[in-house]
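Chain residues, written in single-letter form:
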Amino acid sequence: MSVESGARDNRPLIDRFGREITYLRVSVTDRCDLRCNYCMPEKMRFLPRADLLTLEELEQLVTAFILRGVRKIRLTGGEPLVRKGIDTLIDRLGEQVASGVLEEITLTTNGTQLARHARRLARAGVKRINVSLDTLNPRKFHEITRRDALADVLRGINAAQAEGIRIKLNTVALKDINEDELPAMIAWAHAQGHDMTLIEIMPMGDVGADRYDQYLPLSEVRAGLEENWTLKPLMMRTGGPARYVEIEETGGKLGFITPLTHNFCDGCNRVRLTCTGQLYMCLGQEDRMDLRAVLRDQGSVAINAALDRAILQKPKGHDFAIDRQAQKPAVLRTMSLTGG
Ligand code: SAM
Ligand code: SF4
């Protein structure tokens, strides 16, 4: 992958509100080997393969973003590690990290395939990853993901850690499901040397479940944790929605992602590219630009102008809400399409 080739256009991507886009999340596939019940229905209809960007197209688009100032890339999905050829893409992005053009390449994974990818990821220069894990109980794991794969995930986490990759666990707080287990999970994660982030459920896609039943406000979780632990707020911000604390008793970091109860959009530095080449300017809005059409119809020379148009469409913020009456998702696409 060369970011030197072609006519260079190095202008930063700055939106109407003065926010500079330096972080790109790329969903490399909509497919997944789990069926988390808050994310997709059991009988999920995946996209026809012809709709997906090829790895070459993905690379072309990512390169255009790097030229325009993107410094961090997170690969996600669907499950990024089920995409054929993903290792090669990661190797090529790793070369950009090694040369200093990119600051970081990372990924969000469910961990089921991690054990056999860990060494290659580490060699490509991946220093940290997010692994999504909502429970340590095999029965609950099956209830949430509809698959029996907890042992694979734990093996994957250990393999990645053994390769020197730092792990952050992402855990969706689910009312009546993992609610009681959260303190034990945090204690376990911190004892293993992993940071953890709790996520509030977001109303994305029609997954055939009542969100209001699953929704557990993190303000409640936090109040519960404070009964036993000392939570010291940390100043660190990532440009994303997480707020972090350090738990004095465990010595570990805990993040809270609360899109429904707080607004975090002022410092947003990110955009999201789906596996079909749709560029979403905001996770919680429908504004998008079809970069696949631009690439396939007009070729790579047209991408820069398309990025300029797209960035000007980035909305000020999202307006997620879980509404018991409306009973409908804030956005119709599932999280597996944009990758969270
Ligand atoms: N398959 C990978 C994984 O699970 O880590 C990457 C994609 S997954 C869509 C990214 C993250 O989004 C996961 O941590 C998952 O728990 C979270 N997620 C999925 N649907 C969600 C929803 N409706 N609300 C909140 N988080 C969600
Ligand atoms: Fe798959 Fe991740 Fe969605 Fe679970 S959250 S179904 S692992 S994409």
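Residues numbered from 1 in each chain as written. Chains lettered and ligands numbered in written order. Predicted model: local features only at pLDDT ≥ 70, side-chain atom pairs only at ≥ 80, totals over all residues. Heavy atoms only, no water.

K.L.:
Talk me through the overall build of the protein; I want residue IDs and the actual numbers.
P.N.:
Each helix and strand in the protein was counted, giving 11 helices and 12 strands. Within the span of the protein, comprising 340 residues, buried residues form 56% of the whole. In the protein, of all internal contacts separated by at least 6 residues, the share reaching a separation of at least 24 is 73%. When the accessible surface of the protein is split by element, carbon and sulfur atoms take 49% of a total near 14900 Å². (Helix = DSSP H or I, 4+ residues; strand = E, 2+ residues; numbered from the N terminus. Buried < 20%, exposed > 50% of the residue type's maximum accessible area, 1.4 Å probe, protein only. Contact = heavy atoms within 4.5 Å. Areas by Shrake-Rupley, 256 points an atom, 1.4 Å probe, with all protein chains shown as cover.)

K.L.:
Now, about the environment of Asn-170: what can you tell me, with residues and values included?
P.N.:
Within the secondary structure layout, Asn-170 lies in strand E5 (residues 166-172). Separated by 28 residues in the primary sequence, Asn-170 and Leu-198 place their C-alpha atoms 6.0 Å from one another. Those residues in contact with Asn-170 that sit more than four places away from it in its chain are Thr-108, Asn-130, Val-131, Ser-132, Leu-133, Asp-134, Thr-197 and Ile-199.

K.L.:
So, the pairing of E5: which residues are in play, and what are the values?
P.N.:
Among the seven residues that make up E5, six are buried, leaving the element largely enclosed by the rest of the structure. One ladder, built from five bridges, connects strand E4 (residues 128-132) with E5; its direction is parallel. By the bridge assignment for E5, Ser-132 is matched with Asn-170. Sheet topology places E5 next to strand E6 (residues 195-199); five bridges connect them, and they run parallel. Bridge pairing in E6 links Lys-168 to Asp-195. (Pairing = 2+ DSSP bridges.)

K.L.:
Now, about the site of ligand 1: what can you tell me, with residues and values included?
P.N.:
Close contacts around ligand 1 come from 19 residues, with Tyr-38, Gly-78, Thr-109, Ser-132 and Met-202 the closest. Contacts to ligand 1 include Tyr-38, whose side-chain N or O atom sits 3.0 Å from an oxygen atom. Measuring from an oxygen atom of ligand 1, one finds a backbone N or O atom of Thr-109 at 3.2 Å. A total of 540 Å² of accessible area belongs to ligand 1 in isolation, and the protein chains cover 95% of it. Counting residues per element, the ones that place at least two in the shell around ligand 1 are strand E3 (104-109) and E5. For the shell around ligand 1, the residue count by class is seven nonpolar, nine polar and three charged. (Near = heavy atom within 4 Å. Polar contact = N/O pair within 3.5 Å; in protein donor to acceptor, adjacent residues only side chain to side chain. Nonpolar A, V, L, I, M, F, W, Y, C, P; charged D, E, K, R; others polar.)

K.L.:
Can you explain the packing of aromatic side chains? Please cite residues and give values.
P.N.:
Tallied over the full model, the rule gives zero aromatic pairs. It is Arg-222 that lies over the ring of Phe-256; its NZ or CZ is 5.0 Å from the centre. (Phe/Tyr/Trp six-rings, centres within 6.5 Å; stacked < 30°, edge-to-face > 60°. Lys NZ or Arg CZ within 6 Å of the ring centre and 35° of its normal.)

K.L.:
An account of the packing of helix H9 (residues 291-298) against helix H10 (residues 303-312) is needed here, citing residue identities and associated values.
P.N.:
Viewed as axis vectors pointing N to C, H9 and H10 meet at an angle of 155°, and their least axial separation amounts to 10 Å. Considering the angle they form, H9 stands roughly antiparallel to H10. Between H9 and H10 lies a crossing whose hand is right-handed. For the pair formed by H9 and H10, the contact residues are Leu-291, Val-294 and Leu-295 on the first element and Ile-303, Ala-306 and Leu-307 on the second. The residue makeup of the contact of H9 with H10, split by class, is six nonpolar, no polar and no charged. (Axes fitted to C-alpha atoms, helices over the stretch in contact; angles between N-to-C directions. Parallel < 35°, antiparallel > 145°, perpendicular 65-115°, else oblique. Left-handed = near helix turned anticlockwise from the far one by under 90°.)

K.L.:
Describe the sheet that holds strand E11 (residues 278-280), naming the residues involved and giving the relevant values.
P.N.:
Taken together, 12 strands build an open sheet; the order of strands is E7-E8-E9-E6-E5-E4-E3-E2-E1-E10-E11-E12 and the sheet is mixed. Looking along the sheet, the strands with just one partner apiece sit at the ends: strand E7 (231-233) and strand E12 (288-290). With direction set aside, neighbouring strand axes in the sheet form an average angle of 25°. Sheet analysis places strand E8 (residues 242-247) next to strand E9 (residues 253-257), joined by five bridges and oriented antiparallel. Directly across from Arg-243, in E9, lies its bridge partner Phe-256. Sheet strands in contact with H9 are strand E10 (270-273), E11 and E12, and its direction is about 20° off that of E12. Where H10 meets the sheet, it contacts E10, E11 and E12, and its direction lies at approximately 165° from that of E12.

K.L.:
I'd like a description of unusual backbone geometry, backed by residues and values.
P.N.:
The residue Arg-146 is not glycine, and still its phi comes out positive at about 60°. Structurally, Arg-146 is set in the loop between helix H4 (138-145) and helix H5 (150-162). Positioned with a positive phi, Asp-176 is a non-glycine residue whose angle comes to about 65°. With respect to the helices and strands, Asp-176 occurs in the loop between E5 and helix H6 (182-192).

K.L.:
I'd like a description of the nonpolar core, backed by residues and values.
P.N.:
If you look at the biggest cluster of nonpolar residues, it comprises 91 residues, and the most contacted ones within it are Leu-24, Ile-73, Leu-75 and Leu-279. Broken down by element, the residue count for this core peaks at seven residues, all from helix H1 (residues 55-67). Leave out the neighbours within four places in its chain, and Ile-73 touches Leu-24, Val-26, Val-62, Ile-66, Leu-93, Leu-102, Glu-104, Ile-105 and Thr-106. (Core = buried A, V, L, I, M, F, W, Y, C linked by side-chain atoms within 4.5 Å.)

K.L.:
Hey, could you go over H10 for me, with residue numbers and the actual values?
P.N.:
Within H10 the residues assigned to the buried category are Ile-303, Asn-304, Ala-306, Leu-307, Ala-310 and Ile-311. Mapping the buried residues of H10 onto a view down its axis gives an arc of 155°, with all of them on the same face. Where H10 is buried, its residues meet H1, E10, E11, E12 and H9. (Arc of directions from axis to C-beta.)

Everything listed here is a matter of coordinates, which is why it stays silent on function.
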